[in-house]
Amino acid sequence: METQDMNQPPMTSMDLKAAAMLLLLAAVWGGSFFFGEVALSEVPPFTITLHRVFWAVPLLAIIVRFKGLRIPLSPKVWGAYLVMGALNNAIPFSLIFWGQTQIDSGLASILNATTAMFAAVVAGLLLKDEPLTPKKIAGATLGIAGVAFIMGPSAVTEFNPGNLAQLAILGATLSYAFAGVWGRTALSGQPPLVNAFGMLAGSTALMIPVVFAVDGPPNIALSLSIWGALLGMAALSTALAYVLYFAILARAGAANLLLVTLLIPPFAIGLGVMFLSERMEPEAWIGFGIIALGFAVTDGRLFSRIFRRKPQQAE
């Protein structure tokens, strides 16, 4: 999941069209965990990351061209795109796909749901206009508690590859959090879709040498289902996702857009159960509930509405 509010408009209302786009965004981002699980049967994690960003670049280039947007030529901007590509694509995608070699796609999506809370804390620490508030600290604490519940006591008493994979997913969420700060500080002057194109081009440039050094030249003799998963991930979970992301951001605002954090796991879990025979343990569901509560605390709107209604009910 990406949280790069590089041009953050004020919060607006969530209408029916925005809600439909939000559900579609959750579906295509949830689908990335399913596509990744399918692709891992034949393709190593770093190479999956390269496929995801490489094939999305020409698709976004067509959209940018169609909209008549200008691609910047400044070396400084492209340097910023390389950093953004590392923080928002190359590092987190690779960590998530590696994590999925040890844990199910649904569990990976649940852990990924902590992104919004960690992003709020990192932004609060590094951005002057987004101070670190008690509710952000409380939300992040609940998020960590949810993760700890999922991982269980074995996380500190014994070495477990599954726990290491879960930590890798959390590393991805922290990378997303720093990407949000970098986008706000280094790329706020560029059109959002151009930023998405530049970021994906930058992450592609970074992943090519990594893949050749670690995995070797990508194998193109893959089964049709694997190619379908890789191209679906690039076209739907990346290119289309960014178009939806910025459309929702403009229409409904950043606060409403963050609701996608809680909508992704049900889609990822549903696909895993239906097509991959995955099964979520009870502690995963309870942990997700705690993480969801942490998100509600960080967001604050649910509790503010409850407290506003209380005086009216007392009258």
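Note that the structure is a prediction, hence the values are computed from the model and not measured. The residue count restarts for each chain, going from 1 along the sequence in the order it is written. Where totals are concerned, whole chains, interfaces and linings use all residues; where local detail is concerned, this predicted model gives features only for residues with pLDDT of at least 70, and gives and counts side-chain atom pairs only at 80 or more. Derived side-chain values reflect all non-hydrogen atoms in the structure, with water molecules and hydrogen atoms excluded from consideration.

1. Considering the overall build of the protein
Put simply, the test is: Helix and strand assignments come from DSSP, with helices taken as H or I runs of at least 4 residues and strands as E runs of at least 2, each series counted from the N terminus. Radius of gyration here uses only the C-alpha atoms, and the compact-globule reference equals 2.2 Å multiplied by the residue count raised to the power 0.38. Whether a residue is buried, partly exposed or exposed follows from its accessible area with a 1.4 Å probe, protein chains only, as a fraction of its type maximum: under 20%, in between, or over 50%, in that order. In this description, accessible areas are obtained by the Shrake-Rupley approach with a 1.4 Å probe, and a residue is regarded as covered only by the protein chains that are shown.
Across its full length, the protein carries 14 helices and zero strands. Starting at the N terminus, the α and β elements of the protein follow one another as α-α-α-α-α-α-α-α-α-α-α-α-α-α. The globule rule puts the C-alpha radius of gyration for 315 residues at 20 Å, and the 19 Å found for the protein is close to it. Taking all 315 residues of the protein together, the buried fraction comes to 52%. About 14000 Å² of surface is accessible on the protein, with carbon and sulfur atoms providing 70% of the total.

2. Observations concerning the nonpolar core
Quick reminder of the rule: Working definition of a nonpolar core: buried Ala, Val, Leu, Ile, Met, Phe, Trp, Tyr and Cys residues. They are joined through side-chain atoms within 4.5 Å. The contact criterion used is simple: two residues touch if any of their non-hydrogen atoms lie within 4.5 Å.
In terms of nonpolar packing, the biggest core is built from 78 residues, with Leu25, Ile48, Leu60, Ile110 and Leu230 touching the most fellow members. In terms of residue count, the dominant contributor to this core is helix 10 (residues 224-252) (15 residues). Setting aside residues up to four positions removed in sequence, Leu230 forms contacts with Ala39, Val43, Ile48, His51 and Leu222. Listed in part, the six residues of the second largest apolar core include Ala119, Ala123, Ala177 and Val181.

3. Describing unusual backbone geometry
For Ser277, which is not glycine, the phi dihedral falls at a positive 60°. Structurally, the position occupied by Ser277 is in the loop between helix 12 (260-276) and helix 13 (282-299). Residue classification places Ser277 among the exposed positions, given a relative accessible area of 69%.

4. Here we look at the side chain of Thr238
Summarising the element assignment, Thr238 is placed in helix 10. Look past the residues within four positions of Thr238 in its chain and what remains in contact with it is Arg52, Ala56, Leu200 and Met233.

5. Quick look at the confidence of the model for the protein
Filter applied, for reference: Note on scores: pLDDT gives the predictor's confidence for each residue, bounded by 0 and 100.
In the predicted model, the protein carries a mean pLDDT of 90, and the fraction of residues at 70 or more is 90%. Residue range residues 7-11 is modelled with pLDDT below 50. Its contacts to residues more than four positions away, or to other chains, number 18 contacts.

6. So, a nonpolar patch on the surface
Note the threshold: Patch rule: a residue counts if its relative accessible area is over 30% and it has no salt bridge; like charges are joined within 9 Å, and nonpolar side chains (Val, Leu, Ile, Met, Phe, Trp, Tyr) within 5 Å. By salt bridge we mean one thing: a side-chain nitrogen of Lys or Arg within 4 Å of a carboxyl oxygen of Asp or Glu.
Residues Leu125, Leu126, Leu132, Ile137, Leu174 and Phe178 make up a contiguous nonpolar surface patch of about 540 Å² in total accessible area. Every element with two or more residues in the nonpolar patch is listed here: helix 5 (115-126) and helix 8 (161-186). Position of Ile137 among the secondary structure elements: in helix 6 (residues 134-151). Classification of Ile137 as partly exposed rests on a relative accessible area of 44%.

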